[in-house]
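# Observations on the model geometry
Now for the letters of each chain:
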Amino acid sequence: MTATALPLASAVDLLAATAAAGGTVVLSGHVQPDADALGSTLALAEGLRRRGARVVTTFPEPFVLPWSLGWLPGAEQLVPPGTVPADADLFVSLDAASPGRLGELAGLLDSADRSIVVDHHASNPGFGEVRLVDPHAAATVVLVADLLDGLGVELDEQLATCLYAGLSADTGSFRFGNTAPGTHELAARLLRTGIDHAAISQRLFDTAPFGWLGLLSAVAGRAVLEPDVGAGLVLTWSTAAEAREHGLAPDQLEALVDVVRSTAEADVAAVLKGADDGSWVVSMRSRGATDVAAVAMRLGGGGHRAAAGYTSTLDRDGTIARLRAELSR
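Residues numbered from 1 in each chain as written. Predicted model: local features only at pLDDT ≥ 70, side-chain atom pairs only at ≥ 80, totals over all residues. Heavy atoms only, no water.

## Re the pattern of salt bridges
Considering all chains together, one arrives at 14 salt bridges under this definition. In this structure, the salt-bridge partner of Lys 273 is Glu 254, at a minimum N-O distance of 3.2 Å. With Lys 273 in strand S9 (residues 268-274) and Glu 254 in the loop between helix H9 (240-245) and helix H10 (256-260), this residue pair connects regions lying 19 residues apart in the sequence. Salt bridges here are not isolated pairs; linked through shared partners, they connect Glu 46, Arg 49, Arg 50 and Asp 156. (Salt bridge = Lys/Arg side-chain N within 4 Å of Asp/Glu carboxyl O. Helix = DSSP H or I, 4+ residues; strand = E, 2+ residues; numbered from the N terminus.)

Okay, here's the thing in structure tokens:
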């Protein structure tokens, strides 16, 4: 099939036709899904069910639902990627900036009859058959809301809860630079469905096991400030093993960068998260002077100008040295 870029109408038509025929649609977010990836997946899945589609929701291995997101409506219907039919009528990728972020599910881009990619990452290289990719969207859930509108699915509290979770998370509770007038307009629309936005925010941002305090103390204590690296760098690290020592799941490491980024003396905050296989996932945030998406892309990753990441197979010292070199270019 010939690929088509940024066609909302084409995506709606394909989704509607597949649902009307009772077709099987597989939806997946990226590996280690965040609120935007999972909220997008669950909201669009429910909308397609209401239109008559047979829906399968999943995400790549490791198939461990993030501790902070298991309460989202529809999460109980997620299935392991190994159980997903390879010959689906339609595969929808949500919030994945590249095929690599889909892990073993990337094969569905070829094995499914049709495919749609829905994403808002500026670093997305363009993949899949129908590409609804808009780097100006504050979150992928913004695009999913447009798809639901196009499908004639009325937003209710269930759908709005999933959408609001992704919207508030990817805008940092509407604090980040990607927040635009339309962002607040969508938020207002979601609030009008009756969702408990305070409870959603509390679950996403203000709830953690007691062990989080011990982990945060250790990780913050080893932070290093390097004002001469690029426009200034603050750096720290942790590992999945260290998270478990504090009684936490490894996905709890994701929140560390949002603490480190508050450092006034550094434009870039970076947190290295060590996996059990020896690799390091590097999360970066910029206060504005540095395009961390460009840095991440040179290192094999991607993201947004102010928030990006990549995976390194070097050891910790080698990963830090390479990051310093790229930021100093």
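## Focus on the side chain of Thr 24
Looking at the element boundaries, Thr 24 is found in strand S2 (residues 24-28). For Thr 24, a relative accessible area of 17% puts it in the buried group. Non-local contacts of Thr 24, meaning those with residues more than four positions away in its chain, are made with Arg 54, Val 56, Pro 85, Ala 88, Asp 89 and Leu 90. (Buried < 20%, exposed > 50% of the residue type's maximum accessible area, 1.4 Å probe, protein only. Contact = heavy atoms within 4.5 Å.)

## Digging into helix H2 (residues 35-50)
Taking 1.5 Å of rise per residue, 16 residues should cover 22 Å, and H2 covers 22 Å from first to last C-alpha, within 8% of that figure. Of all 16 residues that make up H2, 14 are buried, and the element is covered over most of its length. Looking at the residues trailing H2, positive phi occurs at Gly 52, about 105°. (Expected span 1.5 Å × (residues − 1).)

## Description of the environment of Gln 202
As for its position among the elements, Gln 202 is in helix H7 (residues 197-205). Residue classification places Gln 202 among the partly exposed positions, given a relative accessible area of 47%.

## What about helix H12 (residues 316-327)?
Between the first and last C-alpha of H12 there are 17 Å, a value that for 12 residues agrees with the 16 Å anticipated at 1.5 Å per step. Among the residues of H12, those classed as buried are Thr 319, Ile 320, Leu 323, Glu 326 and Leu 327. Here the buried residues of H12 occupy an arc of 130° about the axis, which is enough to place them on one side. Residues of H12 that are buried in the fold lie against strand S8 (233-239), S9, strand S10 (280-286), helix H11 (292-298) and strand S12 (307-312). (Arc of directions from axis to C-beta.)

## Digging into the sheet that holds strand S11 (residues 302-303)
Strand order across the open sheet formed by 6 strands is S7-S8-S9-S10-S12-S11, with mixed pairing between neighbours. With partners counted over all chains shown, the strands left at the sheet margins are strand S7 (224-226) and S11, one partner each. As paired elements, S10 and S12 share 6 bridges and run antiparallel to each other. Following the sheet pairing, Val 281 is matched in S12 by Thr 311. (Pairing = 2+ DSSP bridges.)

## Some thoughts on the nonpolar core
The biggest cluster of nonpolar side chains holds 53 residues, and the ones touching the most others in it are Leu 44 and Val 92. Ignoring any residue separated from it by four or fewer positions in sequence, one finds Leu 44 in contact with Leu 15, Leu 27, Val 92, Leu 94, Val 144, Leu 147, Leu 148 and Leu 151. (Core = buried A, V, L, I, M, F, W, Y, C linked by side-chain atoms within 4.5 Å.)

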